[in-house]
Amino acid sequence: MVKNINEEKIKRVLTEPKLASIKTMLEKDHAIDCLLLLYVGRGKWKDAKSFMLENSLTLSDGTFRSRMNTIESLGLAKSERIDPLKKYYTKTKQGEKVAKLLLDFFDEVEK
């Protein structure tokens, strides 16, 4: 019996460690927000908070830091220390690719 190609793709997303980790991260609260903030260069809490407030959206600093740590651990961002407590996050090539794919996805859904 030949397996359905989509079923194989789904199995890969659910079981391949890197893909499963990205899927799990995307399921978390505000993960997509944080990826998109990185994409537009808002990887510093102050800049991210400002952007969210300008658009009448909410994002707590704890959630931002937690998501950014997860995103960084997956190789989608890298951080630089601003001071002992603060970091500035920038997207990696892989992070840019994921954010672009998400934007393309939402463009398609909107059609």
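The structure under discussion appears in the preceding block.
Keep in mind it's a predicted model, so treat the numbers as computed, not measured.

*Asks:* Hey, could you run me through the nonpolar core in this one?
*Replies:* One recurring pattern in soluble globular proteins is that nonpolar side chains are buried together. In this structure, Met25, Leu35, Leu59, Phe64, Met68, Ile71 and Leu76 are the most contacted members of the largest nonpolar core, which totals 20 residues. The set of elements that each furnish at least two residues to this core consists of α2 (17-27), α3 (31-39), α4 (45-54), α5 (61-73) and α6 (93-110). Counting residues per element, this core draws most heavily on α3, at 5 residues. Beyond its immediate chain neighbours, meaning those up to four positions away, leucine 59 contacts His30, Cys34, Leu37, Trp45, Met52 and Phe64.

*Asks:* Explain the pairing of strand β2 (residues 87-91) to me, please; I cannot follow it from the model alone.
*Replies:* In regular strands, side chains alternate between the two faces of the sheet. Sheet topology places strand β1 (residues 77-81) next to β2; 5 bridges connect them, and they run antiparallel. Note on β2: the bridge partner recorded for arginine 81 is lysine 87. Counted along the chain from β1 to the antiparallel partner β2, the turn is 5 residues long.

*Asks:* What is the right way to look at the pattern of salt bridges in this model?
*Replies:* A side chain of one charge can pair with a side chain of the opposite charge if their charged atoms are brought near each other. What the rule picks out here adds up to 4 salt bridges. Where lysine 87 meets glutamate 72, a salt bridge forms, and the shortest distance between an N and an O atom there is 4.0 Å. Separated by 15 residues along the polypeptide, lysine 87 in strand β2 and glutamate 72 in helix α5 bring together distant segments of the chain. What makes lysine 87 partly exposed here is its relative accessible area of 22%. Two residues, lysine 100 and aspartate 104, come together in a salt bridge whose shortest N-O distance is 3.1 Å. Taken together, the residues lysine 100 and aspartate 104, both in helix α6 and 4 residues apart, mark about one turn of the helix. Classification of lysine 100 as partly exposed rests on a relative accessible area of 40%.

Reading guide: rules and limits
Residues numbered from 1 in each chain as written. Predicted model: local features only at pLDDT ≥ 70, side-chain atom pairs only at ≥ 80, totals over all residues. Heavy atoms only, no water. Core = buried A, V, L, I, M, F, W, Y, C linked by side-chain atoms within 4.5 Å. Buried < 20%, exposed > 50% of the residue type's maximum accessible area, 1.4 Å probe, protein only. Helix = DSSP H or I, 4+ residues; strand = E, 2+ residues; numbered from the N terminus. Contact = heavy atoms within 4.5 Å. Pairing = 2+ DSSP bridges. Salt bridge = Lys/Arg side-chain N within 4 Å of Asp/Glu carboxyl O.

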